[in-house]
Amino acid sequence: MKYLFTFLSLLLFLPGVIRAESSSVEEPYNLSNESKKSVVIRTIGFPPYGIKGRSSTGGIYYEMANKLIEEAGYQPENSIAPYSRIIRELKSGKADMTIMFKYEELKEHVIYVAPLPALPTVVIGLKGTTFESVESLKGKELAYLRGAKFSEQIDKDPEIRKYSTVDFVQGVKMLKRGRVDGIIGPIDPILSAAKQLNDDFSLFGEPLVVKENTPWVQISKKSRDKLSIEKLNEAFKKLQSQNTLEALRDKYL
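The structure presented is a predicted model; accordingly, all values stated were derived computationally and were not measured.

A. How the structure looks around the overall build of the protein chain. Counting its regular elements, the protein chain contains 9 helices and 12 strands. In the protein chain, which comprises 253 residues, the share counted as buried stands at 43%. Residue pairs in contact within the protein chain that sit at least 24 positions apart in sequence constitute 70% of those at least 6 positions apart. Summed over all atoms, the accessible surface of the protein chain reaches about 14200 Å², with 52% contributed by carbon and sulfur.

B. Structural context of the packing of aromatic side chains. A full pass over the atoms with the stated rule returns 9 aromatic pairs. Look at Phe46 and Tyr83: their rings are 6.0 Å apart centre to centre, the planes differ by 35 degrees, and that puts the pair in the tilted class. Here the residue Phe46 occupies a position in the loop between β1 (38-44) and β2 (51-52), and Tyr83 occupies one in helix α4 (residues 83-92), the gap between them amounting to 37 residues. The same class applies to Phe46 as to Tyr83, namely buried. Here Tyr144 and Phe150 contribute two aromatic rings whose centre-to-centre distance is 5.4 Å and whose plane-to-plane angle is 25 degrees, an arrangement assigned as stacked. Each member of the pair Tyr144 and Phe150 is classed as buried. Here the aromatic cluster, defined as three or more aromatic residues joined through ring pairs, consists of Phe46, Tyr49, Tyr61, Tyr83, Tyr103, Tyr144, Phe150 and Phe168. The cationic tip of Lys102 hangs over the ring face of Trp216; the distance from NZ or CZ to the ring centre is 4.5 Å.

C. Geometry of the nonpolar core. Counting 71 residues, the largest nonpolar core has Tyr83, Met97, Met100 and Phe150 as its most contacted members. Sort the elements by how many residues they give to this core and helix α3 (residues 60-71) lands first, with 6 residues. Dropping the residues within four chain positions of it, Tyr83 is found in contact with Ile44, Phe46, Met100, Phe101, Tyr103, Leu145, Arg146, Gly147, Ala148 and Phe150.

D. Summary view of the sheet that holds strand β6 (residues 110-115). Strand order in this open sheet of 5 strands is β4-β1-β5-β12-β6, and the pairing throughout is mixed. The open sheet is flanked by β4 (75-81) and β6, the only strands paired with a single partner. Ignoring strand direction, the axes of neighbouring strands in this sheet form an average angle of 25 degrees. Sheet topology note: the β1/strand β5 (residues 97-100) ladder contains 2 bridges and is parallel.

E. Quick peek at the confidence of the model for the protein chain. Averaged over every residue, the pLDDT of the protein chain is 88; the share at 70 or more is 86%. Throughout residues 1-35 the model reports pLDDT below 50, and contacts reaching past four residues in sequence, or to other chains, amount to 5 contacts.

F. Broad picture of the packing of α3 against helix α8 (residues 229-241). Closest axis-to-axis distance for the α3/α8 pair is 8 Å, and the angle between their directions is 120 degrees. Considered as vectors, α3 and α8 are oriented oblique to each other. Crossing handedness for the pair α3 and α8: right-handed. Along the contact surface, α3 presents Met64, Lys67, Leu68, Ile69 and Glu71, while α8 presents Leu232, Ala235, Phe236, Lys238 and Leu239. Here the residues of the contact of α3 with α8 are counted per class, giving 7 nonpolar, no polar and 3 charged.

G. Quick peek at the sheet that holds strand β10 (residues 182-186). Spatially, β9-β8-β10-β7-β11 is the arrangement adopted by the 5 strands of the open sheet, whose pairing is mixed. The sheet is open, and its two borders are formed by β9 (161-165) and β11 (208-213), each paired with just one other strand. This sheet shows a mean twist of 25 degrees between the axes of neighbouring strands, independent of strand direction. Alignment of strand β8 (residues 141-145) against β10, held across 2 bridges, turns out to be parallel. Within β10, the residue paired with Ala143 across the bridge is Ile183.

H. Representation of the side chain of Thr98 within the structure. Structurally, Thr98 is set in strand β5. For Thr98, the side chain forms a polar contact with the main-chain oxygen of Arg42, separated by 2.6 Å. Not counting residues up to four positions away in its chain, the partners in contact with Thr98 are Arg42, Ile86, Leu90, Trp216, Val217 and Gln218.

About the cut-offs
Residues numbered from 1 in each chain as written. Predicted model: local features only at pLDDT ≥ 70, side-chain atom pairs only at ≥ 80, totals over all residues. Heavy atoms only, no water. Helix = DSSP H or I, 4+ residues; strand = E, 2+ residues; numbered from the N terminus. Buried < 20%, exposed > 50% of the residue type's maximum accessible area, 1.4 Å probe, protein only. Contact = heavy atoms within 4.5 Å. Areas by Shrake-Rupley, 256 points an atom, 1.4 Å probe, with all protein chains shown as cover. Phe/Tyr/Trp six-rings, centres within 6.5 Å; stacked < 30°, edge-to-face > 60°. Lys NZ or Arg CZ within 6 Å of the ring centre and 35° of its normal. Core = buried A, V, L, I, M, F, W, Y, C linked by side-chain atoms within 4.5 Å. Pairing = 2+ DSSP bridges. Axes fitted to C-alpha atoms, helices over the stretch in contact; angles between N-to-C directions. pLDDT = per-residue confidence, 0-100. Parallel < 35°, antiparallel > 145°, perpendicular 65-115°, else oblique. Left-handed = near helix turned anticlockwise from the far one by under 90°. Nonpolar A, V, L, I, M, F, W, Y, C, P; charged D, E, K, R; others polar. Polar contact = N/O pair within 3.5 Å; in protein donor to acceptor, adjacent residues only side chain to side chain.

This is the structure we're talking about:
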């Protein structure tokens, strides 16, 4: 009887021990949690690349960056910002990624992941105006997007006056009023700004191409342990094969 009582006591006690031990076992690490990290993106704040409306946000680079990050398995946190803020936040690591041109002051602070098609930077005036060369811009005044750097040759020439603008819409308005002789910048944002003012390409004269700039997907070096460059490259190639960028250009232009 004594042995029988001991055996029955063990049967009653063991399930509690098993439950206690099983409850103390840590759940295995879920690798999918790693791939769902939030990635802080900053998109340049001028149409058609970054568009901030009253009720929605969009644009070619805004949507492209989101699709790229999602395809790579991360969670995008994207917002529109001016050049100066993007540069500052990429340096500090507050922002993880952007799509924009290469800048000398960022060279030591970012990793260039993938190039997008090159964009012509132009100087353009009103219809009937022709600029033959950069030399012909001496004594002229250009509307120039604040914080941007479009042409080193023009930037360094003190005889070419620059009027800082908050966006390309302001630049087109100033051009129409005769307050500046021309606008400098990528052609797409200039045409997008004219469209917002109910104008089209017929407003302008012949553009002077001063440079071709290549936008890059670039990440802060302080985010290199947070993001997989290999995953981003694979995602970018997949989006390329699906003509995602071309579809977004058709959507916004």
